[in-house]
Amino acid sequence: MEGSGVPRGLKGHTATATSCIASRQRPGVVVTAAEDGCMCLFDLRCKDVQLVKKLGNDAISSLCFKEGS
């Protein structure tokens, strides 16, 4: 991976991220969950968040990819 060596910040949540998971089937796809009740999907080949989904008002404590979905 080329770059300046500076870590890239992913922006999409309004509160602290509580969980992060990377896809085995789709390299570069990362999903995060946070205390704001949102799930964010990132494709690291792109600059911005690809999808923000509000799942409720409570913090999301864990994530899982379902194989085939």
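Residues numbered from 1 in each chain as written. Predicted model: local features only at pLDDT ≥ 70, side-chain atom pairs only at ≥ 80, totals over all residues. Heavy atoms only, no water.

(A) Geometry of the overall build of the chain. Of regular secondary structure, the chain possesses 0 helices and 4 strands. When the helices and strands of the chain are listed from N to C terminus, the series reads β-β-β-β. For the C-alpha atoms alone, the extent of the chain along its principal axes is close to 40 × 30 × 15 Å. By residue count, 23% of the 69 residues in the chain fall in the buried class. In the chain, the share of contacts with a sequence separation of at least 24, taken over all contacts with a separation of at least 6, comes to 32%. Where the 9 positive side-chain charges of the chain centre and where its 7 negative ones centre are 4 Å apart. (Helix = DSSP H or I, 4+ residues; strand = E, 2+ residues; numbered from the N terminus. Buried < 20%, exposed > 50% of the residue type's maximum accessible area, 1.4 Å probe, protein only. Contact = heavy atoms within 4.5 Å. Lys, Arg positive; Asp, Glu negative; His and termini not counted. Charge placed at Lys NZ, Arg CZ, Asp CG, Glu CD.)

(B) Representation of the side chain of D43. Take D43: it is sitting in strand β3 (residues 38-43). The exposure class of D43 is buried, given its relative accessible area of 11%. Within the local environment of D43, its side chain forms a polar contact with the side chain of R45, the two groups lying 2.6 Å apart. (Polar contact = N/O pair within 3.5 Å; in protein donor to acceptor, adjacent residues only side chain to side chain.)

(C) Spotlight on the side chain of T32. Positionally, T32 belongs in strand β2 (residues 29-34). For T32, a relative accessible area of 7% translates into the label buried. A distance of 2.7 Å separates polar atoms of two side chains, one belonging to T32 and the other to H13. In this structure, T32 is in contact with H13, S19, C20, C38, M39, C40, F42 and L63, ignoring residues within four places of it in sequence.

(D) Expanded view of the sheet that holds β2. Taken in spatial order, the 4 strands line up as β1-β2-β3-β4 in an open sheet, and their pairing is antiparallel. Of all the strands in the sheet, just β1 (17-22) and β4 (51-54) have a single pairing partner and so form its edges. Each adjacent strand pair in this sheet contributes to an overall mean axis angle of 15 degrees, direction not counted. Where β3 meets β4, 4 bridges bridge the pair, whose relative direction is antiparallel. Opposite C40, over in β4, you have V52 as the bridge partner. (Pairing = 2+ DSSP bridges. Axes fitted to C-alpha atoms, helices over the stretch in contact; angles between N-to-C directions.)

Purely geometric stuff here, so don't read any function into it on its own.
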